[in-house]
Number of protein chains: 6
Amino acid sequence: MSKGSGGLRKFYPADSLVSPRFTGPYTFARLPHSRDLEGVDTLFIGIPFDGGVVFRPGTRFGPAAVRQASLLLRLYNPYLKVKPFDILNVADFGDISVVPSSIESTYQKISETVGTVIDSGVTPLVCGGDHSISLPVLKEVSRRHGRLALIHIDAHLDMVDQHFSQKYTHGTVFRRAYEEGLIDPSRSVHVGIRGSLFSEDEISETESLGFDVITMDSIEKRGIETVCGEIRRKVGEGATYLSFDIDACDPAYAPGTGTPEVGGLTSREALKLLRGLASLEFVGFDLVEVSPPYDYGEITAVLAANLIYEFISLLALSKK
Amino acid sequence: MSKGSGGLRKFYPADSLVSPRFTGPYTFARLPHSRDLEGVDTLFIGIPFDGGVVFRPGTRFGPAAVRQASLLLRLYNPYLKVKPFDILNVADFGDISVVPSSIESTYQKISETVGTVIDSGVTPLVCGGDHSISLPVLKEVSRRHGRLALIHIDAHLDMVDQHFSQKYTHGTVFRRAYEEGLIDPSRSVHVGIRGSLFSEDEISETESLGFDVITMDSIEKRGIETVCGEIRRKVGEGATYLSFDIDACDPAYAPGTGTPEVGGLTSREALKLLRGLASLEFVGFDLVEVSPPYDYGEITAVLAANLIYEFISLLALSKK
Amino acid sequence: MSKGSGGLRKFYPADSLVSPRFTGPYTFARLPHSRDLEGVDTLFIGIPFDGGVVFRPGTRFGPAAVRQASLLLRLYNPYLKVKPFDILNVADFGDISVVPSSIESTYQKISETVGTVIDSGVTPLVCGGDHSISLPVLKEVSRRHGRLALIHIDAHLDMVDQHFSQKYTHGTVFRRAYEEGLIDPSRSVHVGIRGSLFSEDEISETESLGFDVITMDSIEKRGIETVCGEIRRKVGEGATYLSFDIDACDPAYAPGTGTPEVGGLTSREALKLLRGLASLEFVGFDLVEVSPPYDYGEITAVLAANLIYEFISLLALSKK
Amino acid sequence: MSKGSGGLRKFYPADSLVSPRFTGPYTFARLPHSRDLEGVDTLFIGIPFDGGVVFRPGTRFGPAAVRQASLLLRLYNPYLKVKPFDILNVADFGDISVVPSSIESTYQKISETVGTVIDSGVTPLVCGGDHSISLPVLKEVSRRHGRLALIHIDAHLDMVDQHFSQKYTHGTVFRRAYEEGLIDPSRSVHVGIRGSLFSEDEISETESLGFDVITMDSIEKRGIETVCGEIRRKVGEGATYLSFDIDACDPAYAPGTGTPEVGGLTSREALKLLRGLASLEFVGFDLVEVSPPYDYGEITAVLAANLIYEFISLLALSKK
Amino acid sequence: MSKGSGGLRKFYPADSLVSPRFTGPYTFARLPHSRDLEGVDTLFIGIPFDGGVVFRPGTRFGPAAVRQASLLLRLYNPYLKVKPFDILNVADFGDISVVPSSIESTYQKISETVGTVIDSGVTPLVCGGDHSISLPVLKEVSRRHGRLALIHIDAHLDMVDQHFSQKYTHGTVFRRAYEEGLIDPSRSVHVGIRGSLFSEDEISETESLGFDVITMDSIEKRGIETVCGEIRRKVGEGATYLSFDIDACDPAYAPGTGTPEVGGLTSREALKLLRGLASLEFVGFDLVEVSPPYDYGEITAVLAANLIYEFISLLALSKK
Amino acid sequence: MSKGSGGLRKFYPADSLVSPRFTGPYTFARLPHSRDLEGVDTLFIGIPFDGGVVFRPGTRFGPAAVRQASLLLRLYNPYLKVKPFDILNVADFGDISVVPSSIESTYQKISETVGTVIDSGVTPLVCGGDHSISLPVLKEVSRRHGRLALIHIDAHLDMVDQHFSQKYTHGTVFRRAYEEGLIDPSRSVHVGIRGSLFSEDEISETESLGFDVITMDSIEKRGIETVCGEIRRKVGEGATYLSFDIDACDPAYAPGTGTPEVGGLTSREALKLLRGLASLEFVGFDLVEVSPPYDYGEITAVLAANLIYEFISLLALSKK
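Residues numbered from 1 in each chain as written. Chains lettered and ligands numbered in written order. Predicted model: local features only at pLDDT ≥ 70, side-chain atom pairs only at ≥ 80, totals over all residues.

Draft legend 1. Representation of the overall build of chain A. In terms of helices and strands, chain A carries 10 helices and 10 strands. Rg of the C-alpha trace for chain A: 18 Å, near the compact-globule value of 20 Å for 320 residues, within the 12% margin. When the backbone C-alpha atoms are referred to their principal axes, chain A occupies close to 55 × 45 × 40 Å. In chain A, which comprises 320 residues, the share counted as buried stands at 68%. Long-range pairs, those at least 24 residues apart, make up 76% of the contacts in chain A between residues at least 6 apart in sequence. (Helix = DSSP H or I, 4+ residues; strand = E, 2+ residues; numbered from the N terminus. Rg over C-alpha atoms; globule rule 2.2 N^0.38 Å. Buried ≥ 20, exposed ≤ 12 C-beta atoms within 10 Å, placed from the backbone. Contact = placed C-beta atoms within 7 Å.)

Draft legend 2. Fine view of the interface of chain C and chain B. With 23 residues of chain C at the interface, the matching set in chain B holds 23 residues. Within the residue set of the side of chain C that touches chain B, elements represented by two or more residues are helix H1 (62-69) and strand E4 (90-95) of chain C. Among the elements that take part in the side of chain C that touches chain B, H1 of chain C stands out by supplying 4 residues, more than any other.

Draft legend 3. Quick look at the packing of helix H3 (residues 103-119) of chain D against helix H4 (residues 134-145) of chain D. Residues and elements named next belong to chain D. Where H3 meets H4, the closest approach of the two axes is 9 Å, and the angle between their N-to-C directions is 35 degrees. Crossing hand, H3 versus H4: right-handed. Seen from H3, the contacting residues are Tyr107, Ile110, Ser111, Val114, Gly115 and Ile118; seen from H4, they are Leu135, Pro136, Val137, Lys139, Glu140, Val141, Arg143 and Arg144. Its residues placed into classes, the contact of H3 with H4 shows 8 nonpolar, 2 polar and 4 charged. (Axes fitted to C-alpha atoms, helices over the stretch in contact; angles between N-to-C directions. Left-handed = near helix turned anticlockwise from the far one by under 90°. Nonpolar A, V, L, I, M, F, W, Y, C, P; charged D, E, K, R; others polar.)

Draft legend 4. Quick peek at the arrangement of the chains. Between chain C and chain D there is no contact, and the shortest C-alpha to C-alpha separation is 14 Å. Kept free of each other, chain B and chain E leave a smallest C-alpha distance of 14 Å between them.

Draft legend 5. Looking closely at the pairing of strand E7 (residues 189-193) of chain D. All names here are of chain D. Across the 5 residues that make up E7, a large majority, 5, are buried. Each parallel crossover has a hand, and the one from strand E6 (residues 149-153) via helix H5 (residues 173-179) to E7 is right-handed. Pairing between E7 and strand E8 (residues 212-215): 4 bridges, direction parallel. Looking at the pairing, His190 lines up with Val213 of E8. In this region the chain leaves E7, passes through helix H6 (residues 202-208) and returns to the parallel neighbour E8; the handedness of that crossover is right-handed. (Right-handed = clockwise from strand over helix to strand, strands pointing away. Pairing = 2+ DSSP bridges.)

Draft legend 6. Here's a closer look at the relation of the copies chain C and chain B. Least-squares fitting of chain C to chain B yields an RMSD of 0.0 Å, with the superposition described by an axial translation of 0.0 Å and a rotation of 180 degrees. On the angle and the small slide along the axis, the relation comes out as a two-fold axis. A share of 100% of interface residues in chain C that are also interface residues in chain B marks the association as one of identical surfaces. (Least-squares fit on C-alpha atoms with pLDDT ≥ 70 in both.)

Draft legend 7. Looking closely at the sheet that holds strand E9 (residues 239-245) of chain A. Residues and elements named next belong to chain A. Read from one edge of the open sheet, 8 strands run E4-E3-E5-E10-E9-E6-E7-E8, paired in parallel fashion. In this open sheet, the two edge strands, each paired with only one partner strand, are strand E4 (90-95) and strand E8 (212-215). Strand after strand, the sheet turns through a mean of 15 degrees between neighbouring axes, direction not considered. Bridging between strand E5 (residues 123-128) and strand E10 (residues 281-288) involves 3 bridges; their strand directions are parallel. Bridge pairing in E10 places Cys127 opposite Leu287.

Draft legend 8. Up close: the sheet that holds strand E6 (residues 149-153) of chain F. All names here are of chain F. Strand order in the open sheet formed by 8 strands is E4-E3-E5-E10-E9-E6-E7-E8, and the pairing between neighbours is parallel. If you trace the sheet from one side to the other, it starts and ends with strand E4 (90-95) and strand E8 (212-215), each paired once. Ignoring which end each strand starts from, the neighbouring axes of this sheet average 15 degrees apart. Pairing between strand E9 (residues 239-245) and strand E10 (residues 281-288): 7 bridges, direction parallel. By the bridge assignment for E10, Ala239 is matched with Glu281. Sheet contacts for helix H1 (residues 62-69): strand E3 (42-47), E4 and strand E5 (123-128); angle to E5, the most-contacted strand, approximately 110 degrees.

Draft legend 9. Geometry of the environment of Leu265 of chain A. All names here are of chain A. Within the fold, Leu265 resides in the loop between E9 and helix H9 (267-275). The spatial distance from the C-alpha of Leu265 to the C-alpha of Asp247 is 8.7 Å, given a sequence separation of 18 residues. With near-sequence residues (within four places) excluded, Leu265 lies in contact with Gly192, Ala248, Cys249, Asp250 and Ala270.

Draft legend 10. Molecular detail of the relation of the copies chain D and chain A. With an RMSD of 0.0 Å, the fit of chain D onto chain A corresponds to turning through 120 degrees and sliding 0.0 Å along the axis. Here the transformation between the copies is reduced to the relation of a three-fold axis. Across chain D, the rotation axis passes nearest the C-alpha of Ala252 of chain D, at a separation of 3.2 Å. Of all interface residues in chain D, a mere 8% are interface residues in chain A too; the two copies therefore contact each other through different surfaces.

Draft legend 11. Spotlight on the pairing of E6 of chain F. All names here are of chain F. In terms of burial, E6 is largely enclosed, as 5 of its 5 residues are buried. Side-chain alternation along E6 places Ala149, Ile151 and Ile153 on one buried face and Leu150 and His152 on a second face that is also buried. With 3 bridges connecting them, E6 and strand E7 (residues 189-193) associate as parallel partners. Residue pairing for E7: Ile151 is matched across the bridge by Val189.

Draft legend 12. Summary view of the nonpolar core. Counting residues in each nonpolar core, the largest one holds 678 residues, and the members touching the most others are Ala304 of chain A, Ala304 of chain B, Ala304 of chain C, Ala304 of chain D, Ala304 of chain E together with Ala304 of chain F. If sequence neighbours within four positions are ignored, Ala304 of chain C has contacts with Val66, Ala69, Ile246, Leu287 and Val290 of chain C. (Core = buried A, V, L, I, M, F, W, Y, C linked by C-beta atoms within 7 Å.)

Draft legend 13. Up close: helix H8 (residues 224-235) of chain D. Residue and element names in this part refer to chain D. Its 12 residues give H8 an end-to-end C-alpha distance of 16 Å, which sits within 8% of 16 Å, the value for a rise of 1.5 Å per residue. Among the residues of H8, Val227, Ile231 and Val235 are the ones counted as buried. One side of H8 holds all its buried residues, which, seen down the axis, span an arc of 65 degrees. Facing away from the buried side of H8 by more than 90 degrees, the exposed set consists of Glu225 and Arg233. (Expected span 1.5 Å × (residues − 1). Arc of directions from axis to C-beta.)

Draft legend 14. Fine view of the confidence of the model for chain A. Residue and element names in this part refer to chain A. Per-residue confidence for chain A averages 95 on the pLDDT scale, and 98% of its residues sit at or above 70. Confidence drops under a pLDDT of 50 for residues 1-5, and excluding neighbours within four residues, the segment shows 16 contacts in the predicted structure. Confidence metrics for the complex model read pTM 0.97 and ipTM 0.96. (pLDDT = per-residue confidence, 0-100.)

Draft legend 15. Up close: the environment of Thr23 of chain B. In this structure, Thr23 of chain B sits in the loop between strand E2 (7-9) and strand E3 (42-47). In this structure the C-alpha to C-alpha distance between Thr23 of chain B and Leu71 of chain B, which are 48 residues apart in sequence, comes to 9.4 Å. When residues no more than four places from it in sequence are discounted, the contact partners of Thr23 of chain B are Pro48, Gly94, Asp95 and Ser97 of chain C.

Draft legend 16. The environment of Glu205 of chain B, seen in detail. With respect to the secondary-structure elements, Glu205 of chain B resides in helix H6 (residues 202-208). Residue Glu205 of chain B is classed as partly exposed on the basis of its C-beta count, with 15 C-beta atoms lying within 10 Å.

Draft legend 17. Layout of unusual backbone geometry. With an omega of 10 degrees, the peptide bond running from Gly128 of chain D to Gly129 of chain D counts as cis. Mapped onto the fold, Gly129 of chain D is located in the loop between strand E5 (123-128) and H4. Here the residue pair Gly24 of chain F and Pro25 of chain F is connected by a cis peptide bond, since its omega of 0 degrees sits within 30 degrees of zero. Here Pro25 of chain F shows up in the loop between strand E2 (7-9) and E3. Despite not being glycine, Phe164 of chain D has its phi angle at roughly 50 degrees, a positive value.

Draft legend 18. Broad picture of helix H8 (residues 224-235) of chain A. Of the surrounding elements, those touching the buried residues of H8 of chain A are strand E6 (149-153), strand E7 (189-193), E8, helix H7 (216-222) and E9 of chain A. One or two steps after H8 of chain A, the chain reaches Gly236 of chain A, where phi turns positive at roughly 60 degrees.

As structure tokens, this is what we get:
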């Protein structure tokens, strides 16, 4: 139990003015590790699976790296003007026991755990792992909340039909989610898309399914604020899921990832993008594709930890 | 022979939806390795020489790193709206057999190989190595195409007269090219110049020879699009050579280089700069100064590979 | 075609006194890349699969790293007194097109390719990838040569029954090979076993199946030469397969691997161990578990390349 | 004694067109190392202390890394149009002999050395070390020049009262300086503040003491030039001290630091910020928090060296 | 609560055949994190303090790195023939809340925590941090057990009187322990001493106080077994403390440390040295000086984790 | 001027018990930097040239890295029982101003500087740079001392006739030295030779010129002491030069080098080898091929610094 400005709360970050941040074991934002969901509003859940990745692996160590980087987080978010841990009881669940060599078995394990969490009315903050893990999470969240609006921030659409004849990879995840009716394309948007494409029709095909596609080019031309307005209008009211692939950010800001794509978001743009989505009704989040073996100076993990802090702040705002 | 949207072409990238990108041996963009120029339009040529460098070495491993990073490239360039490999037959020649301890012998080897390529009507895409390799390439290209317009994108002018009493280094290359009449200063421009200078006259002396010098400061003030217009006007019609030193980009985006200079181009600016030169008549390109021992997360090499992809797209556009 | 002391052979390393080693694209030992098996005696085959690994991934980049490190190899092996490339035609096949998210599909791909190679009478030199790839290779080799003697050099027995309820991982491979009748335990030996164990019966259970288990402790006490004699006696005459997991070597010598185990072989011991097996009848080899993201200074890959060179030398000797 | 465009000056950088930059031993900007202050105007002083840091250590190797990175600096600053080493005699003092385990003893050592320097009328250019070293430097500078205007460029306010019940850390330094009357809040400003905060009052409390606080957000909205105007107006006439914490820059630009904070200045913004302060009356500078063990490709150190070059240029301008 | 071969024990490692090792949060050997000492026999305690180090810092991240590396440990120690976690209830206490800028305050914090542990009859397994932390630990242990025999395995004697006029550093720790009567030199021994020395009398002075000094040279000449016999005879019966500085091992085996000294123990020798001390009466252990920023491939941390596993095994043996 | 056990000597290391080792600027062993040879007995000279290297470059930063690593050295060598800096006045000359793109011009610069040093009766301790620098050093030393005995410790013979038609590379240096009559093969020996060879005659041809060749294999079989005896007998009386290529050591101990060769010396063997040559008449030394971009944890540089310390100790012994 930590004492903070939130008084004697069970779920509160350890005070970094009292004990140094580097005292372990490391949990997200120095929050209590707990598998007991009693009293928890929001849960940081690691899913250390990288079996769905088609280029550089390593995201199985993503949750651990994000935990270590999150030690730097503090209590007050001056941009959204909220002290999230004073409003929400947040705990670190630890990691789901994935099966590294089997995406099917891993999906089952994710479904079991996230299902329980969802059934307890707790909002999941998922930390990957590669992007393939979003599918079973979406399935559980939509089981409770119905067809979801999806805000997908990523360099890539992840709407490929298959890789190497496999239906489940980190590049097929939103095609599957669409086919399985988990997401509502008329309320969904892909943001930050860029780089060379497999074909000239990749974007238009996605749009023809009902999704909006906001390319990096378009973000640059119109500015983050305009884009946030467009996203908010597209999504509108109703349960919304946000999935953030760290490769939405430029490799200069997020080198530690599997399929780096040049020409991406700066850290300031990424933060502003999230902060511009304050009024929406979020029911789940994921942050994926942090690959520590390719990171250095921990800068990718520090960015990821800060993005998750914005997720929590957005949630806290909606409760306020 | 690879099957792709270009049909059964002899020179086509392997399909990354069928075989994983990380299956080797690695060639540029997963294109066929070929020393037979029959049917080839454009040739990726590595020149792994770093004997001309005055600070950090390592660019001899540049072509290998760019090949590995280029595995991520896909078929369609949505910015220039072109599928370059459907228009041009591109092959990977491999590397020229340089002589690491002798810049003179290396120049001779480069001349022999690039000469043959040029004589076959093939457009060279050269990947260094340090900037000193541009001189013999320019010599062969201008032998066929006459005095060339030069677009030189770099943090540094590379117009020094000599280093340590040596006429040939990576910092003297365009003074030599000018003196040898390979480039036409009235159609040539140095772009991205920045940082502290050897003297107060460095830039004005270069301008007095007829070159335009567009500093980073000027790019920032006026924007990439204005600058691209100025370059296009300066260069006008006629054979044009583009030389891109990766240190034109900021060390945050391109740490893996020999003489890093702070305050440079972002990756988005670098890409936009190339895409803004679409109408010119290019007869050769080089991308130099990628030094893998100082890179991390391969981000410099990934950026370089994408810039070369823009070169090929520009060429394809002109053929379209 | 390369000219060497072997005259004008089709399959011969490029001469590193004539062209620098760092000229790419990189193939194993600078040998020709070829998918045409005509005239080939021995084939370097990369299997870049790491989907079977239970701790640190990354071995999908193993073959590429071993190729780059192998550029340092030369023509004459003074320890075994043989010029292997003058005796055997060796080519680099490139990598098998694995399916990163599916061990079953990968096994099928391996079987197809290695099956063809085996049927052509070519001896495979397989470079992983994680240890799970040995199973389909063993299956194909034993299809032609019958039940095989196995010399398994590794820190770990890899005789686990299952991980996370999965039958196929890099730690179950030799239990499966035993169960499927691919290897003959009465002629087989595990060498270099060390570290903490899952249970007190791990070694005795393996021995009770007929295998010899030579621990690192026993190697240290008795010396490499004695151990080689014991292995040779155990294996005797008949088709023999050698599988070398780089983590048999101490992390100081081979940091770039997935499950590092302290207290292992030095590089000198590893080389001596292979050289002490000269008289055996080898029909296949693999070298697995090189994980470049955890390597540095390329030392693990350089060691692996040299061990494969010893494999080739052993084969050449038997042909001499 | 070096020959340069400044003629035969005792204190002048070695000529990098004559001797390569990488010839050691390394001093700042290849200037002479001297402990004799005779004839010196400005002194580069390393203070390799990291005992005040609350997260990642390593800045004790900061001065050495900045020296190595500064080898790339040249003679002319085209932005401020000044050749600083032709105007000022600059020397490299070397490092102060700190006491790594005692911040109190280190403060005493700093006071002794900087005191002597100040008493000699030499302007100190201090290179840390962590930010805690600024306190004794400020004390000595204000001893001579009276209460100072402070321009503090940093991600963090460093106005914490105590960490772990300690009064002296790198996060309390400007609260102490304020309490000890070394700085005049009515002429002082914190620039670049960002990230999550310890409490909702952190900024307003600092403002209530008289300081201006210019957040990163505000810089982004109003632009560097406007901000520079505001700083110049706030500071006005009189002795001014500039303290630059490298973590003011984004981790993409300055990964090698102890408490990285996402969303910071780009290198271009940082340079422009300094260049916009040309008319002020500077009496001392420090550049702190470069931690080489977390740097890569030396990019943080290269940026730091360039920022110090701007400090010297600003000083030279004021003498011109 | 984990199920293992030890049945349903409260304190038992998670089963790595059931859940992957890389599932976090990470604790030592995947043991439960607990601050409740009820039922605990032995406690892993991190002391992340590096304020006493005189060269490279970073050991404040030592406990975290050792935890991550310890994920690879298994249940049975085949060398000492013991399943330590079946005999001892071992928990991970987490880290003591040190004060990074004050060695005195840190000593007080250590005393409080370790004192409570000792008073509960729990044997501490301390993981540094730098070597200065051993002093307050020794103080608490000797408070309960009386003057201790010390087995100090290290490249350096750590018997310096002062560094920079400071009494407490990582190099003075055993002089202080001697002066304060915590250790009995007639039962104590320094093992592994090597490298250049401050003076010709360093070793003889230490011996004249009653300590044995067994240099690396002597270990090499006489062999580990002989040396273990000598240590056992010197120490004899009675409470014994073992302090292992990871720099006792050669930098090839343990690069991640602050004052690397060439010519050290191999990993096999280090393990054998510990295993040779089985019959002694241990009342406390520490493993210090693992500095992750200088480690790579985690090899230093993996070695440290294995050495601590041997500590636990030695303790278990004595309970058996 | 430093105070030490040697009293008030002009040339003496700074006292690391008084000022921390990490206070810069860094010189070898914290000795004074001096270009004035007055009173100097022995001079550390950096030659930062890597233009002769045929694989990985980077040794131009070798002297700087060795200086930083040498900060750890202390005053007394307990193995040779000598305090070298009390007997010899040793200074750090700094680095020779090489010409990175021209081996011929570099040779001239080396000859000038080393010639002056030799003519002043000072013994040079040369730190490379790649092995090609030994040739001009040998020329100057033999100009004064006549034909020299050479002790060449290296993985490679460096007796190649030419690389890529070039006579001067790091692999041809001793063939040239032999041809130019600088060394006397009847008193010279190559030690540590190993790895695959260019041809079956490489060793026998070298032996036929009169050199002894002691392979790594032979060292392992016979032991360091026997080998030292053989070297001492071969060399006998008269002027002797020792050249140590760091790749004589195994890549585990010396990863930071250009052509790593597995199966080499351990650090203990390397040290013992030097210490076993105490009675010889040394007139010059070099330590070459330390390449910092491929080093990590500075372990290669630390080893190199210690080997040079043994050189100085050997010299001091001969003066004693």
